Every structure is written in C-alpha cells, then in structure tokens.
Amino acid sequence: MLPSPVWRAVVVAACGAVLVACAPPPAAPVAAGGPVAARNCGVEVAPAGPPQRVYAAYQPAVEMAHALGLGDRLVATAFLDAAVLPEFAEAQARTNYLPELPSREALLSANPDFVLAGYNGVFAQSNANGFGTRASLRELGVQTWVFGPLCPSADGLADEAIDPASVTMDSVYTDVRDLGKLFGTEDRAAAVVADMQARIAAVRQRVAGAPRPRVAVISPQEDGSFRVAGGPDFVTQILDIAGAENAFADLTGKRNFPVGTEEIIARNPDIILTSTCCDGSYTLESAEPDAAKLATNPALANVTAIRNGQVKPFLFADRAAGVRVPHAAELVASIVHPDRR
C-alpha cells in the first residue's frame, strides 16, 4: 500500500538537469572505467556507466539521491510525503519537483536513464497509472531501483508480495552501498552508512534495558475506519530500534491493514502514533490534527494510549526504509522513552 492520495497522473515537460549542492562530505567524482552492476530485488541493474539523468519518485528515493550527492543528476523529483530532512532542504529546493506522480508518458518525456523509486507500486502491473514494469523500462534503456525492504517476489508485483525477511537495516545499507557503486559515489555511500550505523547504535544503547511499550501506528480514514501499519512495514524495525514493539506486527502479507475500533480496543496499545501524509510541506506539527482526532474519538476512550494521553503526532515519511531511519528512530525513542534522552 502506497501513501494516499495515489496514482493521480500529471503530464510534465522534460527539464534539464539541475545543479544542486548537498551537505558534506562532497560526493566522490564519477568513477572512470567500465560499467558496474548490482542485483536489486532479483533484477540485474547494469547501466552502461554512472547514470546522469535520474528521476526520483517518493520521499525515500528523493532523500537517498540527496544523501548520495546526486542533485546535479536529478531531472525531477516527485511526490514527497513531508518536508525533506533539513540537511536536504536546500538541494531539494533546486530540483524540478512535482507534487504528484507523473504518468509513464510524462516520466519518459523527461528522458531519464535511471528511475529510483521509494515504493514498489510504481512498477506494479496492477497499477494502471504507474510507470510500467521494470523490464518494460529496461527495454527502453531506463534502469530502475526498488528499495530492498520493499522487494516484491517478482517484477510487476507490489506490497502484497514483500518478503518480511528482507525488511531489515541490512537491506537499507545494501541499497546505499550498491547505489553508491552504480553512481560512482562509493566514498559518499560509505560515509552515509557509517553515520546511519553510529546513530542507530546510539539509539539502541540509549533505550537498552527499558520496558518495551506496544505502539500502534494508525491512520484514521474518512469513513470512520482505520489503517494500521503491519509487520512488513518498516516502522516495525524503527520501533524495535527505539525500544518498542509494533502492536500489529503479527499482521503480515502487506504493509497496511484496515481495522475497526474493536481491533484497536482489543490490541490496547500503550502508545499511538499517527501516520500523517502526504504533502511536501508537512512537518511534525502537521500531524497534530490527526493525533487530536484519534485522542478525542469516543469509541477509543478506554484504550490505554488514549487514557494516558499517549497519542502522538507522527509522519508517514518517518515510517520509510532509507536514509531517514536514524532520524525516525531518534524521534520515536524520544516519544516512547522520554526519560532516556
């Protein structure tokens, strides 16, 4: 399941590559020599050389591109769930940004040689407004990448095919390193991984030995129902790093599940986080109305989290696998273990 609203096609004109600076350390120069390759979600990704026209779709992909120093190679970025992390704000402001996903035709009109996708549904055959399968794009000379924790079991499938065993930080680190290799920014990628590992280790150390509260990540729906993050969603890993457990971790097979009030009452989470989405200007404060909506729902009044005033604003962007994980883990740890700052 992808963020909502989803799959509203827009037609955009191609744009030239934009020159973007990114936070230090500086990106390594493009590697000389022959082509390199990496295997991603069972697909061989083998560009003829370091890609020079990159289309980044969705928050995890946009932030990954900036972390690797690829701003000058971005032909466009599309569909942010929230504001990018502060260290990427200046670089993102210089890109050609689309608030909605492009159609396949509009994507191809930008003449990309590489599509970096933060979610797998853009390549799903079931998505009539998507980009087409990775194989179909490769036939046109466009290489593609899906983040490792979102690998479907075959090209053309989406969230319902995710292997829970791939939803790990190791998969995230592999993405960073392999993309660094493909783009000729190996040194930058190594620095990104080292920083992520250090920050995550610091969070784990900070919460070590603390009780592990049960946390539900809930999106209230317009019809009065709710959607919750299940086990395969990467927020389960973020909660684990932060010293908590996903109250709906046993729901597997896809990332998001519809539930009613009875199921939330039965699970009785200690803490509830919202999952506010999707606008490129959103900050944590933007999630406060969703938190208030949940906290004042009379049907949930006896849930422990609500009785104890533990309904907290949280962004969908902070549920994602990618370079944002340390930020999300630090944030969640400050919520669930405020005495261990």
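These remarks concern the structure in this document. Quick caveat, the model's predicted, so the values are computed rather than measured. (Residues numbered from 1 in each chain as written. Predicted model: local features only at pLDDT ≥ 70, side-chain atom pairs only at ≥ 80, totals over all residues. Heavy atoms only, no water.)

This next bit is on the pattern of salt bridges. A complete count under the given rule lists 14 salt bridges for this structure. The partner of Arg 255 in a salt bridge is Asp 159, and the shortest N-O contact between them spans 2.8 Å. Separated by 96 residues along the polypeptide, Arg 255 in the loop between β10 (245-246) and β11 (256-259) and Asp 159 in the loop between β7 (143-146) and α5 (169-183) bring together distant segments of the chain. A residue is classified by how much of its surface remains accessible, and Asp 159, at 3% relative accessible area, is buried. As a salt-bridge pair, Glu 245 and Arg 212 come within 3.8 Å of each other at their nearest N and O atoms. Within this pair, whereas Glu 245 is found in strand β10, its partner Arg 212 is found in the loop between α6 (186-207) and β8 (214-220), the two being separated by 33 residues in sequence. For Arg 212, a relative accessible area of 36% translates into the label partly exposed. A cluster of three or more residues bridged by salt bridges with shared partners is formed by Asp 159, Asp 233, Arg 255 and Arg 319. (Salt bridge = Lys/Arg side-chain N within 4 Å of Asp/Glu carboxyl O. Helix = DSSP H or I, 4+ residues; strand = E, 2+ residues; numbered from the N terminus. Buried < 20%, exposed > 50% of the residue type's maximum accessible area, 1.4 Å probe, protein only.)

Moving on, we come to the packing of α5 against α6. Where α5 contacts α6, the axes come no closer than 7 Å and their chain directions differ by 160°. Taken together, the axes of α5 and α6 lie roughly antiparallel to each other. Here α5 runs over α6; the crossing is right-handed. Contacts from Met 169, Val 172, Tyr 173, Val 176, Arg 177, Gly 180 and Lys 181 of α5 reach α6 at Glu 186, Ala 189, Val 192, Val 193, Met 196, Gln 197 and Ile 200. Residues belonging to the contact of α5 with α6 are distributed by class as follows: 9 nonpolar, 2 polar and 3 charged. (Axes fitted to C-alpha atoms, helices over the stretch in contact; angles between N-to-C directions. Parallel < 35°, antiparallel > 145°, perpendicular 65-115°, else oblique. Left-handed = near helix turned anticlockwise from the far one by under 90°. Contact = heavy atoms within 4.5 Å. Nonpolar A, V, L, I, M, F, W, Y, C, P; charged D, E, K, R; others polar.)

What follows deals with the side chain of Ser 136. Inspection of the secondary structure puts Ser 136 in helix α4 (residues 134-138). The buried category is assigned to Ser 136, whose relative accessible area is 18%. At a separation of 2.7 Å, a polar atom in the side chain of Ser 136 contacts the main-chain carbonyl oxygen of Thr 133. (Polar contact = N/O pair within 3.5 Å; in protein donor to acceptor, adjacent residues only side chain to side chain.)

Side chains Phe 226 and Val 228 project from strand β9 (residues 226-229) onto one buried face, and the interleaved Arg 227 and Ala 229 project onto a second face that is buried too. Alignment of β8 against β9, held across 3 bridges, turns out to be antiparallel. Within β9, the residue paired with Ser 219 across the bridge is Arg 227. Between the antiparallel neighbours β8 and β9 lie 5 residues, among them Gly 224 with a positive phi of about 95°. Relative to β11, β9 runs antiparallel, the two sharing 4 bridges. The residue of β11 that forms the bridge with Phe 226 is Val 259. (Pairing = 2+ DSSP bridges.)

A few words now on the state of the cysteines. Tallied over the full model, the rule gives 2 disulfides. Two residues, Cys 41 and Cys 151, share a disulfide whose sulfurs are 2.0 Å apart. Between Cys 41 and Cys 151, the S-S torsion sits near -80°, and that sign places the bridge as left-handed. Pair noted here: Cys 41 is in the loop between β1 (38-40) and β2 (43-45) and Cys 151 is in the loop between β7 and α5, with a separation of 110 residues, a long-range link. (Disulfide = S-S within 2.5 Å.)

Turning our eyes to something else, we now look at helix α11 (residues 325-336). Helix length check: α11 (12 residues) gives 16 Å between terminal C-alpha atoms against 16 Å at 1.5 Å per residue, within 8%. The element α11 is extensively covered by neighbouring structure, given that 10 of its 12 residues are classed as buried. Looking at α11, one finds that the buried residues are Val 325, Pro 326, Ala 328, Ala 329, Leu 331, Val 332, Ala 333, Ser 334, Ile 335 and Val 336. Packed against the buried residues of α11 are α5, α6, β8, α7 (235-241), β12 (271-273) and β13 (311-312). (Expected span 1.5 Å × (residues − 1).)

For Trp 145, the position within the fold is in strand β7. Distance in space between the C-alpha atoms of Trp 145 and Arg 134 is 8.4 Å, their sequence separation being 11 residues. Among the polar contacts made by the side chain of Trp 145, one reaches the side chain of Asp 175 at a distance of 3.0 Å.

Another aspect to go through is the sheet that holds strand β5 (residues 97-98). The sheet built from 5 strands is open, its strands ordered β5-β4-β3-β6-β7 with parallel pairing. Each end of this open sheet is capped by a strand with a single partner; those strands are β5 and β7. Note that strand β4 (residues 74-78) and β5 share 2 bridges and pair parallel. Bridge pairing in β5 links Ala 78 to Leu 98. Strand contacts of α5: β3 (54-57), β6 (114-117) and β7, with the helix running at about 165° to β7, the strand carrying the most contacts.

With that settled, consider the environment of Pro 86. As for its position among the elements, Pro 86 is in the loop between β4 and α2 (89-93). Put simply, Pro 86 and Ala 38 are 48 residues apart on the chain and 30 Å apart in space, counted from C-alpha to C-alpha.

Moving on: unusual backbone geometry. A cis amide bond links Cys 277 with the next residue in sequence, Cys 278, at an omega value of 0°. With respect to the helices, strands and loops of the structure, Cys 278 is situated in the loop between β12 and α9 (288-295). Unusually for a residue other than glycine, Tyr 58 sits at a positive phi of about 85°. Among the residues examined, Tyr 58 registers a relative accessible area of 0% and is labelled buried. One non-glycine residue, Asn 111, lies in the positive phi region at around 55°. With respect to the helices, strands and loops of the structure, Asn 111 is situated in the loop between α3 (104-109) and β6.

Purely geometric numbers; function is a separate question.
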